[in-house]
Amino acid sequence: MENFAPMLILWLTCLGICMFIGGAQLIAAHPPTSTPCHPSTATHPPSHAPHHPPIATHPPTHTPHHPPITTHPPTHAPHHPPNPANSPTHAPHAPCASSKIACYDVTHFGAVGNGKTDDTKAFQAAWKAACNGTEREVKITVPFGKSFLVFPVVFNGPCKCHTITFEILGKITAPPRSGWSKKGTDEWLYFHRVDNLLVSGNGKGLLDGKGETWWLHGSSSRPTALRFSHCSKLNVRGLKHINSGKNHVSLNHCDDVNVSNLTMISPQFSPNTDGIDISASTNLNIHNCSMETGDDCIAINGGTSNVTISNIRCGPGHGISIGSLGKKGKHEIVEAISVRNCTFNRTENGVRIKTWQGGSGFARNITFANIRFIDADNPVIIDQYYCPHKKCANKTSAVQVTDVTYMGLHGTSSCKNATINFSCSETFPCTNIVLKDVDIESDDPSRPTSATCINAHARVDRTLKPTLNCLMLKNKGGKFIPTRLNFMKKLFS
C-alpha cells in the first residue's frame, strides 16, 4: 500500500493531461458560435483576416470595423454613404458579367437612387475611379429601376483607359430651377475632352431636364441637358430625353461622332429646346432618331463639316436647319452636309438654311434627299436675311450659299405663303441650286402651293411643284438672267 499511493497519483496526473489535450482538440474542431471577429464559411480558414465584413446569420448590432474594400476606391468619401442594410458585399469595381470590362456601379459609390437624395458626388466618384483606372476598358453603370437626382456635373477627361462606357439604364433627373445654386450654368451633364466614349441607354435610360421650371425665365441662362465638348470617337445611342431646359444634346468641337436611336420630347411651346445642336465639329453620323421639340430638331452651326443625317422623325419642331450663320459679322463655314430619308410631321419649317446680313464665309455642298413632309409649314427655305427680331440693319456682306441640291422632296404643306422660299443676297446670291423631283402639295385643296425667290441661281431637273418662275438661270453666254420655267428648255438647249 505504501507504493500504491504514488502510483495512483501518477496515474491520475496522466489521465488529467490526456483529458485536457482531448478537450482542446474537441474545442478546435467545434469552435464556439459567438464573437469571432471575422468568421469564415471555408473549411480551411485563410491565414489572414478577410477584408469584407462578416456574413452572419444574425448580423452584429454595431457597424463592422472593416467596410467593403474597393479595388479602385474613390479618392474621397461618397457624399451619401451606402445604407448598411443594402451595402454590396463586393468592391465597387468588379468585372462585368461575362466580360473582361471593369464595371463601376454608381450605387457602389453611395448613389441612393430614390429621386430625392443628391447623388451627384457618387456619380463624380464613380467617374473618377473609372477614368483613372488602369484597365483598358471600363463601364460606369446607372442601374435600371432607380431615379437619380444629379445636379450640374462635369465628367472631365482625358481618361487613362482606352475606352469608357457610361451606361444609363435608370432615370437621371435634374433639379428644378429653384435648386440650382448657379442659375447661369450652361449645361447639366457635361463630358469634356473624353475620347473613345460611349454613352448608352440600351433603350431604357431616361434623362429628365426639368425644363418646365425654366421655360418662363428667359433664354440666356437655361441649361443644355447633355453636352459633349472636344470629344473624339464619340458614340451616343439608345437614350430618351424629356423636357430639356434648352438644347437636349450639344456637340462642340467634336470629331468622329455617331449618334443613333435617341428619342427627344419637349412641348412645342418650349423655347430653344433644340434636339441636337452642332458647332465646330466634323465627321458626324446622326441617324434613326425621333425628335419632338420646341425648336430645331437638328441645328448645324459654323465650323461644321462632313455630316450625314438620315432617318430622322422630326415634329413638332422647327425642322433641320443649317445656321444661323454670320451673326454679328462672324466668318463661318459649313460644308459637306447630307440630310436623307427624313420625315417632317407638322413642323414649323422643313429643311432650312439661314444666315444673317453682314456675315461672311460660306455654306456649300449641301444635299437634302428623299424628304417627306406631312403638313409642314415652310418646307424649303434659304434665307440670307435671317432676322428673328423686329428690325435688323441692312448690310451688304453675306455668307455665300452655293452647291445646294434638293432631290426627291414629296408630301404636303400647311403653308399659307410660299412653300418654297429662296431669299438670297443681291451682292452674294445663291448659286448652283439644283432641284430634282420636287413635288409638294397643299394640305388644303382650296389653297394651291406657291413659291418665291430673289437672287437665286438654280437648275431644275424633272418635276417641280410648286413652280418657280423667279429663278435666275444661266443662258448660253454664261450669264444669269431671270426667266420663267416655260422658257427653260429653250435656255438650256
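In the block above lies the structure referred to throughout.
Keep in mind that what you see is a predicted model, and the values were worked out from it rather than measured.

Calculation rules
- Residues numbered from 1 in each chain as written.
- Predicted model: local features only at pLDDT ≥ 70, side-chain atom pairs only at ≥ 80, totals over all residues.
- Heavy atoms only, no water.
- Pairing = 2+ DSSP bridges.
- Helix = DSSP H or I, 4+ residues; strand = E, 2+ residues; numbered from the N terminus.
- Axes fitted to C-alpha atoms, helices over the stretch in contact; angles between N-to-C directions.
- 1 Å grid on protein atoms, 1.4 Å probe; cavity = no way out; pocket = protein on both sides within 12 Å on 5 of 7 lines; lining within 4 Å.
- Points joined across faces, edges and corners; volume = space filled by probe spheres on them.
- Nonpolar A, V, L, I, M, F, W, Y, C, P; charged D, E, K, R; others polar.
- Buried < 20%, exposed > 50% of the residue type's maximum accessible area, 1.4 Å probe, protein only.
- Phe/Tyr/Trp six-rings, centres within 6.5 Å; stacked < 30°, edge-to-face > 60°.
- Lys NZ or Arg CZ within 6 Å of the ring centre and 35° of its normal.
- Contact = heavy atoms within 4.5 Å.
- Disulfide = S-S within 2.5 Å.

Draft legend 1. Representation of the sheet that holds strand β12 (residues 224–229) within the structure. Strand order in the open sheet formed by 11 strands is β6-β9-β12-β15-β18-β20-β22-β24-β26-β28-β30, and the pairing between neighbours is parallel. At either end of the open sheet lies a strand with only one pairing partner, and these are β6 (153–156) and β30 (451–454). Each neighbouring strand pair of the sheet contributes to a mean axis angle of 15 degrees, computed without reference to strand direction. As judged from the 4 bridges shared by strand β24 (residues 351–355) and strand β26 (residues 380–383), these two strands associate in the parallel manner.

Draft legend 2. Up close: the layout of surface pockets. Here the largest pocket defines a volume of roughly 1100 Å³. As for the largest pocket, its lining consists of 37 residues, and the residues nearest its centre are Lys-246, Asn-247, Asp-274, Asp-277 and Asn-301. Listing elements by their share of the lining of the largest pocket, those giving two or more residues are β12, β15 (249–252), β18 (276–279), β22 (320–325) and β24. For the lining of the largest pocket, the element with the most residues is β22, which contributes 3 residues. Residue classes in the lining of the largest pocket are distributed as 5 nonpolar, 17 polar and 15 charged.

Draft legend 3. Geometry of unusual backbone geometry. With an omega of 0 degrees, the peptide bond between Gly-157 and Pro-158 qualifies as cis. Counting through the fold element by element, Pro-158 comes out in the loop between β6 and β7 (163–168). That bond from Gly-323 to Ser-324 is cis: its omega, 15 degrees, falls within 30 degrees of zero. Its identity is not glycine, yet Asn-311 carries a phi of approximately 55 degrees, on the positive side. Its location among the elements puts Asn-311 in strand β21 (residues 304–314). With relative accessibility at 34%, the residue Asn-311 sits in the partly exposed group.

Draft legend 4. Highlighting the packing of aromatic side chains. Evaluation of the coordinates by the stated rule reveals 16 aromatic pairs. A centroid spacing of 6.5 Å and a plane angle of 40 degrees characterise the contact between Phe-123 and Phe-166, whose relative ring orientation is tilted. With Phe-123 in helix α2 (residues 120–131) and Phe-166 in strand β7, this residue pair connects regions lying 43 residues apart in the sequence. According to the relative accessible area criterion, Phe-166 is buried, its value standing at 2%. An aromatic cluster is built from Phe-123, Trp-127, Phe-148, Phe-155, Phe-166, Phe-191 and Phe-228, whose rings are joined through pairwise contacts. Over the face of the ring belonging to Phe-144 we find Lys-204, whose NZ or CZ atom lies 5.5 Å from the ring centre.

Draft legend 5. Region of interest: the side chain of Ser-290. Mapped onto the elements of the fold, Ser-290 is located in strand β19 (residues 282–292). With sequence-adjacent residues up to four places away left out, Ser-290 is seen in contact with Leu-262, Thr-263, Met-264 and Arg-313.

Draft legend 6. Focus on the state of the cysteines. All chains considered together, the criterion is met by 4 disulfides. The disulfide partner of Cys-131 is Cys-159, and the gap between their sulfur atoms is 2.0 Å. Taking the sign of the S-S torsion, -105 degrees for the link of Cys-131 and Cys-159, the bridge is left-handed. Of this pair, Cys-131 sits in helix α2 while Cys-159 sits in the loop between β6 and β7, and the two are 28 residues apart along the sequence. Cys-159 carries the same exposure label as Cys-131, and that label is buried.

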